[in-house]
Amino acid sequence: MDVEFRCGEALGLTFSYMFPKIQQTLTFHYPVGSFMLMQIQLRSLKGNVIAPLESRSFTLLGTLWGREVRFDLDRTNSDYANSRWETPNLGSRIGSGSLTTFIVFDINPEAHNFVLDFTPYPTGSDTPLCSLQIPLPKVTR
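Throughout this document, residue positions are counted from 1 along each chain, in the order its sequence is written. It should be noted that, the model being predicted, local features are given only for residues of pLDDT at least 70 and side-chain atom pairs only at 80 or more, the latter also being counted only at that level, while totals for whole chains, interfaces and linings use all residues. Side-chain metrics in this entry use all non-hydrogen atoms of the structure; hydrogen atoms and water are not considered.

Draft legend 1. The state of the cysteines, seen in detail. Throughout, a disulfide means two cysteine sulfur atoms within 2.5 Å of one another. Here the structure, examined in full by the defined rule, presents 1 disulfide. Across a sulfur-sulfur distance of 2.0 Å, Cys 7 and Cys 130 are joined as a disulfide pair. Its S-S torsion of approximately 120 degrees makes the covalent link between Cys 7 and Cys 130 right-handed. Residue Cys 7 is located in strand S1 (residues 4-7), and its partner Cys 130 is located in the loop between strand S8 (112-118) and strand S9 (132-135); the two are separated by 123 residues in the primary sequence. For Cys 7, a relative accessible area of 0% translates into the label buried. Relative accessibility decides the category of a residue: with a 1.4 Å probe and only protein chains considered, values under 20% of the type maximum give buried, values over 50% give exposed, and everything between is partly exposed. Look at Cys 130 and you get buried, because its relative accessible area is 11%. Helix numbers and strand numbers start at the N terminus; a helix is a DSSP run of H or I with at least 4 residues, a strand a run of E with at least 2.

Draft legend 2. How the structure looks around the environment of Leu 53. Position of Leu 53 relative to the elements: it lies in the loop between strand S4 (34-44) and strand S5 (58-64). Residues Leu 53 and Ser 92 lie 39 residues apart in sequence; the distance between their C-alpha atoms is 7.9 Å. For Leu 53, the residues in contact, after removing those within four places along its chain, are Leu 42, Phe 58, Arg 75, Leu 90, Ile 94, Phe 118, Pro 120, Tyr 121, Pro 122 and Thr 123. Contacts are assigned to residue pairs with any non-hydrogen atoms lying within 4.5 Å of each other.

Draft legend 3. Molecular detail of the environment of Arg 43. Relative to the helices and strands, Arg 43 is located in strand S4. Note on Arg 43: relative accessible area 24%, which makes it partly exposed. Put simply, Arg 43 and Leu 99 are 56 residues apart on the chain and 6.2 Å apart in space, counted from C-alpha to C-alpha. Aside from chain neighbours lying at most four places away, what touches Arg 43 is Glu 4, Arg 6, Ala 10, Leu 11, Gly 12, Ile 94, Gly 95, Ser 96, Gly 97 and Ser 98.

Draft legend 4. Representation of the packing of aromatic side chains. Any two of the Phe, Tyr and Trp rings considered here, Trp counted by its six-membered ring, make a pair once their centres fall within 6.5 Å; the pair's planes then place it as stacked at under 30 degrees, edge-to-face at over 60, or tilted in between. Here the structure, examined in full by the defined rule, presents 4 aromatic pairs. Their ring planes at 85 degrees and their centres at 6.4 Å tell us that Phe 5 and Phe 15 sit as a pair that is edge-to-face. Separated by 10 residues along the polypeptide, Phe 5 in strand S1 and Phe 15 in strand S2 (residues 11-15) bring together distant segments of the chain. You can call Phe 15 buried: its relative accessible area is 4%. Seen in terms of ring centroids, Phe 58 and Phe 118 are 5.1 Å apart; in terms of plane orientation they differ by 35 degrees. Their pairing is tilted. With Phe 58 in strand S5 and Phe 118 in strand S8, this pair connects stretches of sequence that are 60 residues apart. Taking relative accessible area as the criterion, Phe 118 reaches 0% and is therefore assigned buried. Counted as over-ring charges are cases with an Arg CZ or a Lys NZ within 6 Å of the ring centre that also lie within 35 degrees of the ring normal. Above the face of the Tyr 121 ring, Arg 56 is positioned so that its terminal group lies 3.7 Å from the ring centre.

The following block contains the structure:
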């Protein structure tokens, strides 16, 4: 998509490729359904440094058999993906320069109509910086 979505006045979020990728395995860990792997870029819009984001900052919403469902971020496999490609993980601070990282969700392959719910909680904060929901392009299998 290569479009920066502004989350309030605090953060910019960019998807660096058109379609999220669904794959069946990451290393030796097999998903309950499928893994959805996304590469994103984050940057501080005010130029200040933002503390690392907590896992609850990213949630994937979708539709499964006519019901709305929620998939939480798989932090362990997100960290694994970042170590594999030697990119910073969500434990990194976010500055005005872009931070490119991978996030991974363990999803049911029958789910569709995905929306990324981005509500960034810096480490130790009870209040999110902003909130943004982004409908994802249809995933081709």
